[in-house]
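In case you want the letters, here they are:
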Amino acid sequence: MVKQVKNAVKAAKRKLHTGRRGNPGNAAKYITRNKALNRLQIKLPEFRRLCILKGIHPREPKKKFEGQNKTYYHVKDINFLLHEPLLEKSREIRAYEKKITKARAKYNTDLAHRLQNNRPSFTLDHLVKERYPSFIDAVRDLEDPLTMIHLFATLPADTTHSVPFERVHSCRRLSLEWQAYVTRTHSLRKIFVSVKGIYYQVEVSGQKITYLTPHVLNQVLPEDVDFRVMLTFAEFYETLLGFVNFKLYHSLGLNYPPVLDPRLEQAAAELYALMKDLAGGTTSAPLLEDASAKEDDAPVSVDEQQSLMEAENKEKRIAESQARLASLQDRLKQIEKEKEKPQDVPVQVKTEAMDVDDVIEDEDLETRTCRRLFQNLTFFLGREVPRESLLFVIRSFGGAVSWDGDGAPFPENDEVITHQIVDRPTQGHKFLSRHYVQPQWVYDCANNRILLPTEPYLLGRIPPPHLSPFVDNEAEGHVPEYADTIKRLRLAANQQLAPLPGSESGIDEGELLVAAAARRREDLEAEKERELAAMEKSYAEDLRRELAGKSFSGEEEALADVPESEVLPPPKEDDPKDMAKMMLSRNKRNLYQAMEMSNTKKKEEVKLIKERKRKADEKERKKKTRTM
Amino acid sequence: MLELTVMKNLMIAKPPTRAILPKTSLPQAPPRNTVGEIPLEFYKDEEHIGYDRAGRKLKKQARKDQLDSFLDRSDDPKDWHKVYDEYNDEYVELTKEEMGMISRIRQGKLPHAEVDPYQPYVDWFDWDGKGHPLSNAPEPKRRFIPSKWEAKKVVKLVRALRKGWIKLDKPKEKPRFYLMWGDDLKVNEKTANGLAYIPAPKAKLPGHEESYNPPVEYIPSEEEINSYQLMYEEDRPKFIPKKFDSLRHVPAYAEFIKEIFERCLDLYLCPRTRKKRLNIDPDSLLPKLPKPKDLQPYPTTCFLEYKGHTGAVSSISADPTGEWLLSGSRDGTVRVWEVQTGRCKKVWDVGGSVFCVAWNPNPALPVVAIAVSNDVVLLDPEVGDEEVQLNIAKLLAVQPSTSEPTENTPLISWKRHDKLRGIQLSHQQNVVRVSWHNKGDYFQTQQQSCFGTSTIKAAKSKPFPQASWPPFMFVATKMHVRVYNLAKQELSKKLITGLQEISSMALHSGGDNLILGSKGAKLCWFDMDLSVKPYKTIKNHKEDINAVAFHKSYPLFASCSDDLSTHVFHGMVYSDLMQNPLIVPLKILHGHQKGVSDIKFHPTQPWLFTAGADSVIKLFCN
């Protein structure tokens, strides 16, 4: 009886891992590439093209039944290709080409001409819909398309590499349309100028899309790149981005494609033209024809000037109210000798600010902060700075921009300009009313959502390090010095309940910087004091011991160390981790070890960075002492 | 030059005209030459060009050289309208009228100004009153029926139009893009062909080091960059951070297109599989174990050391009452210790390296078995009261005999050991292990195998009298454990360990659970009800495990190894069959200077004896 029960229990305890019969195995599910080519009856280049367009990639079977070094595709994928209309279409096109050559060979020019004109065409619309059934799917996969389109927008149309100029044009157009949309919705979040190019992070429909654009310089087409592959990708991405742009414009209630101002287009200011078109003609800043036309033609729109005036008035009012409140406070202090902070000051200011700003409905907090960052600031871009990038960034963060060149909305000598972006060693004529800053200032401000002090970024200086906004410094283990400074500045800016962008930035920044520096100094001093105290303490201890007839602390320690290590290994304290580690299964143990290894590697990297920092600091200190 | 040739042609064409039409408006001198209209090259090689009217030869003029002709030309202002007449071999000066003619011809007009090309037409046929056309033939039929070929052509065109081969007006251009998606925000996890959609992994976001102006600490020093050359190419960092003082100094990134191309290749050539990347704290992988504190008592600290052996202690065994401890050493001595005090009660010099010692588990009969080289010696440890001593004396006074007198070479021969006053059992080979039956009535010995493999025998059985629980013997071979049913005399089970080489074995007091220690530093727990494969394999030690042991009453087991440590585990076996045994590592005991060769639990207390190769025996208490 007991035995029967035991057997039953045995059966219950055992896990049965027997494969069921009739289930298709790997050999039925997967197919090698060559077999797939045979089944599809096409050549390899055609197959590649179809795979790229259709988004089909090889898969990894559990058992590679035809050898390790073969590429395997899922049978379903290949069958999917087999029923693709594009496959039939490409065959048709090939047959058609033959007809044309035949007509030409027979000197039947009429027919050849007619055939040439009525070539069958194809679109990739159905593939876009098939691969991305809903809009959010398309947005999720937008990183590669955007990078590719922005690259093609800067490529030279080249016949030797068969990069057709139509493709370059349409890519440029699409990229500009995208940028115009981002500017309009203020959805640019982060910018990072790297050696490779400029990274932009955009938030569209709740998805964060990070893409890379090359520096706008002449690209040299490398010889070892197969441009057919790139062009096939570009072809699909172009269609995809076109539809995405349509949807985005549609969601804003705008017409697609937007209409470009031909004059601006000629002046190579297409982005500005697009932005203007999107803005819907409300701020119809006419072109700057000549200098004389400036006065009567009012280059800055009426709205903008009004807003500026308002801002000025607002500042005055705020200053007045603050002064009044300050005096009131003093009197209160004198009378009651009590510290009573009037809570309503910032609130008042804030409400005022809210009234002035146009409030857009269903706008999240981040978009609002982005939109207001450069509000009331006016920028002028020098010839030597990357115009399109800066135009994109500044407009996305709510600033007004003009530039040195044709089609600029207002000239350099306009008085509303608060910041001039320059990147040259010296500047001949300087307006006293503006800050002459390097382009990095704009990017850093945008990344940190505060107006940083302009002083370190001024003309001719080496700017502070440009930090990547994509890095979580705390998680990484090392916080660069400048990141710390920025953090303090941000905190300080947040403590000021009502930030007034632009208005008193100069004063604020100065104060902030001074405060930050003072705090750091204090920190350093405190540390020094602590060290001194510790040293003193140990010295006193030693004295006491000496008096008592014992040896110095150092010696004693040394003496104590030696026999211990010789006599017995120190009794190890049991680590509960060690115990638990024993109980891991082999797979988990390997995983655990791999994780530990990677963690230690990461730690070592951080250590190396910290070491480098320490060395650099030391060098600097030495230099300082030498100069002193 | 061009003019001259034109004139020349004109002149060549002229002579016959002049001859035929003498009434030209220009006054013409008759030609000197009378040869007529013949090719002039007939006279090419002659000294004359022809004959005059009188039949005299006309001599060719002397050829001027270039200099003379140039001088003539420059001297004569009228030279430009002189033309050489080849026929008469003379230069002719063109008249004003002739010049006018030439200029008119060159303008594409008629040569004579007085000729009117647009004179009214004068019909040469007089129509009036004639009544008949020129031809009187009847009109052909084809003039009245439509053309067959035209009809065929039209049919072709019509067909081409109908079939759309010819399109007369260009088709209207539809807008290329339209609203493709609605407002649904459903995320699709599958592709259209029903397979799971595996999105391409996103590119890594750039860190500070990729900045055009990175912080100083991210820029490697010269030495570091040089040291990269020594690395393997795969390990070498692909990107070396660099600092630029200003944005305008940043050059185009040469690898940009190549990197994007590589990304493209990855997208369509790389097999995609979903891999779980555990971005977790590695400690979360560790199993949640009950705290060792809650599982007390277990041995934690070294309480006593038994010193006296001069060689490595190879084996120990505790007396069933827990008062005495027996130890055998490589120095050829066997000692009996008092557990409580650490006093050495008795020393036997057995005269050979001791492999194994075992105390009889029957408390009524305290006899010890010692394996020394080829012999097993049964001795009286002289503990216990008088009655017990008498019993032992009786037992050990058995007449020496050979077990199988019929055969020529007896397996084992019994002898009386006079020196130690015990029984000596001589074997043919070295005896490596001796172990008692639970009740103390039987013991078994294991000789070193002829093949040199280390086989181990251990026996354990349920009490004989109960018929339903047959006695079992466990034999560990190198890789498997065989369980024999002694009552039926058959193999009942074979445990598959998966170990490299089994070194030791211990059986739980319940009889269903077994632990094995191996040379590969692995410890296996078998639940024999569950499977013939290990329930749990623990890799706890760093070196070979020498011995494992179960406690008789407490849920404790331990393993010792050459890595100087002894691990104590909590191993609870539940009476509920559905519940798996609970194994919790409790404590790692250190203290020996050399490898730990044997361990035994105290029979009643949660204490542990460890014997080390450093000739010390230690007692760990809770």
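Up top is the structure.
This one's a predicted model, so the numbers in the text were calculated from it and none came from an experiment. Once a new chain begins, its residue numbering starts again from 1 and follows that chain's sequence as written. Just so you know, chain letters begin at A and ligand numbers begin at 1, following the order they were written in. The model is predicted, so local features are restricted to residues of pLDDT at least 70 and side-chain atom pairs to those at 80 or more, both for listing and for counting; the totals for chains, interfaces and linings are taken over all residues. Side-chain descriptors were evaluated using all non-hydrogen atoms of the structure, hydrogens and water having been removed beforehand.

A.B. asks: So what about the overall build of chain B? Which residues, and what values?
C.D. replies: When its secondary structure is counted, chain B shows seven helices and 31 strands. Accessibility here uses a 1.4 Å probe with only protein chains present; expressed as a share of the type maximum, an area under 20% marks a residue as buried, one over 50% as exposed, and anything in between as partly exposed. Split into buried and exposed, the 622 residues of chain B put 37% on the buried side. The contact definition used throughout considers only heavy atoms, calling two residues in contact when any of these lie within 4.5 Å. Within chain B, counting contacts between residues at least 6 apart in sequence, those at least 24 apart form 44% of the total. Accessible surface computed for chain B: about 38400 Å², of which carbon and sulfur atoms make up 55%. To qualify as a helix, a DSSP run of H or I must reach at least 4 residues; to qualify as a strand, a run of E must reach at least 2; elements of each kind are numbered from the N terminus. Here the Shrake-Rupley method, with its probe set to 1.4 Å, supplies the accessible areas, and only the displayed protein chains count as covering residues.

A.B. asks: Got a sec to walk through the overall build of chain A? Specific residues and values, please.
C.D. replies: Looking only at helices and strands, chain A has 26 helices and nine strands in total. Out of the 628 residues belonging to chain A, those deemed buried represent 42%. Once local pairs closer than 6 in sequence are excluded, the contacts in chain A between residues at least 24 apart make up 62%. Of the roughly 36600 Å² of accessible surface on chain A, 52% is carried by carbon and sulfur atoms.

A.B. asks: Which residues make up the packing of aromatic side chains, and what values go with them?
C.D. replies: Any two rings among Phe, Tyr and Trp, with Trp reduced to its six-membered ring, count as a pair given centres within 6.5 Å; such a pair is stacked if its planes are under 30 degrees apart, edge-to-face if over 60, and tilted if neither. A full pass over the atoms with the stated rule returns 31 aromatic pairs over all chains. With a centroid separation of 5.7 Å and an interplanar angle of 40°, the aromatic rings of Tyr200(A) and Tyr211(A) are classed as tilted. Taken together, the residues span a long stretch of sequence, with Tyr200(A) in strand E4 (residues 198-204) and Tyr211(A) in strand E5 (residues 207-213) at a distance of eleven residues. The exposure class of Tyr200(A) is buried, given its relative accessible area of 3%. Placement of a charge over a ring requires the Lys NZ or Arg CZ to be within 6 Å of the ring centre, with the centre-to-atom vector within 35 degrees of the ring normal. One cation-aromatic arrangement involves Lys196(A) over Phe239(B); the distance from NZ or CZ to the ring centre is 5.5 Å. Sitting above the plane of the Phe431(A) ring, Arg434(A) keeps its charged end 3.9 Å from the centroid.

A.B. asks: Give a detailed account of the interface of chain A and chain B, specifying residues and quantitative values.
C.D. replies: Across the boundary between the two partners, chain A contributes 115 residues, which contact 94 residues of chain B. Buried area, as used here, totals the accessible surface that two parts lose on assembly, with accessibility defined by a 1.4 Å probe and the loss added over both. For the pair chain A and chain B, the two sides together bury roughly 9800 Å², of which 64% comes from carbon and sulfur. Here, a salt bridge means any side-chain nitrogen of Lys or Arg that lies within 4 Å of a carboxyl oxygen of Asp or Glu. Arg263(B) is paired through a salt bridge with Asp144(A); the nearest N and O atoms lie 2.9 Å apart. Looking at the side of chain A that touches chain B element by element, the count peaks at 14 residues for helix H12 (residues 227-251) of chain A. Of the residues in the side of chain A that touches chain B, the class split is 61 nonpolar, 21 polar and 33 charged. In the scheme used here, Gly and all other residues not listed as nonpolar or charged are polar, with Ala, Val, Leu, Ile, Met, Phe, Trp, Tyr, Cys and Pro taken as nonpolar and Asp, Glu, Lys and Arg as charged.

A.B. asks: Kindly report on a negative patch on the surface, identifying the contributing residues and their values.
C.D. replies: All names here are of chain A. A patch is a set of surface residues, each over 30% in relative accessible area and not in a salt bridge, joined within 9 Å for like charges and within 5 Å for the nonpolar side chains Val, Leu, Ile, Met, Phe, Trp and Tyr. In summary, the charge assignment counts Lys and Arg as positive and Asp and Glu as negative, without counting His or the chain termini. Taken as the charge centre is NZ of Lys, CZ of Arg, CG of Asp or CD of Glu, depending on the residue. Among the surface-exposed residues, Asp472, Glu476, Glu604 and Glu605 lie close enough to one another that they form a single negatively charged patch. The residue Glu604 is located in helix H26 (residues 586-627) in this model. In this structure Glu604 comes out as exposed when scored by relative accessible area, which is 53%.

A.B. asks: Before we move on, can you summarise the pairing of strand E23 (residues 523-527) of chain B with the specific residues and values?
C.D. replies: All names here are of chain B. Among the five residues in E23, five count as buried, and that is most of the element. On E23, burial covers both faces: Leu523, Trp525 and Asp527 on one face and Cys524 and Phe526 on the other are all buried. With five bridges joining them, strand E22 (residues 513-518) and E23 adopt antiparallel strand pairing. Residue pairing across strands places Asn513 opposite Asp527, the latter belonging to E23. The hairpin turn running from E22 into E23, its antiparallel successor, is four residues long, and Ala521 in that turn takes a positive phi close to 65°. The pairing criterion for strands is at least two bridges between them, as found by DSSP. Across three bridges, E23 lies against strand E24 (residues 536-538) in antiparallel orientation.

A.B. asks: Could you give me a rundown of the sheet that holds E5(A), with the residues and numbers involved?
C.D. replies: Residue and element names in this part refer to chain A. Spatially, three strands are ordered E3-E4-E5 in an open sheet, and the strand pairing comes out antiparallel. Edge positions in the sheet fall to strand E3 (188-193) and E5, since each of these pairs with one other strand and no more. The mean inter-strand angle of the sheet, taken between neighbouring strand axes irrespective of direction, is 15°. When E4 meets E5, the two strands line up antiparallel, connected through seven bridges. Residue Gln201 lies in a different strand from E5, and its bridge partner there is Thr210. The angle between two axes is taken between their N-to-C directions and runs from 0 to 180 degrees, where each axis is a line fitted to C-alpha atoms and a helix contributes only its stretch in contact. Sitting on the sheet, helix H11 (residues 165-185) is in contact with E3, E4 and E5, with an inclination near 60° to E4.

A.B. asks: An account of the pattern of salt bridges is requested, with residue identities and associated values reported.
C.D. replies: Residue and element names in this part refer to chain A. Applying the stated rule across the entire model yields 44 salt bridges over all chains. A salt bridge links Asp137 to Arg140; the nearest nitrogen and oxygen atoms lie 3.4 Å apart. Here Asp137 and its partner Arg140 are both found in helix H9 (residues 135-140), three residues apart, which amounts to about one turn of the helix. We classify Asp137 as buried; its relative accessible area is 4%. Residue classification places Arg140 among the partly exposed positions, given a relative accessible area of 24%. Arg424 serves as the salt-bridge partner of Glu384, at 3.0 Å between the closest nitrogen and oxygen. Placement of the pair is Glu384 in the loop between strand E6 (378-381) and helix H19 (387-396) and Arg424 in the loop between strand E8 (419-421) and strand E9 (435-437), with a sequence separation of 40 residues.

A.B. asks: Tell me what's going on with the sheet that holds strand E30 (residues 608-612) of chain B, and back it up with residues and numbers.
C.D. replies: Residue and element names in this part refer to chain B. With antiparallel pairing, four strands are arranged side by side in an open sheet as E5-E31-E30-E29. This sheet does not close on itself; its edge strands, each paired only once, are strand E5 (301-307) and strand E29 (596-601). The average undirected angle you get between the axes of adjacent strands in this sheet is 20°. Sheet topology note: the E30/strand E31 (residues 616-621) ladder contains four bridges and is antiparallel. When the sheet's bridge partners are listed, Thr610 is paired in E31 with Lys618.

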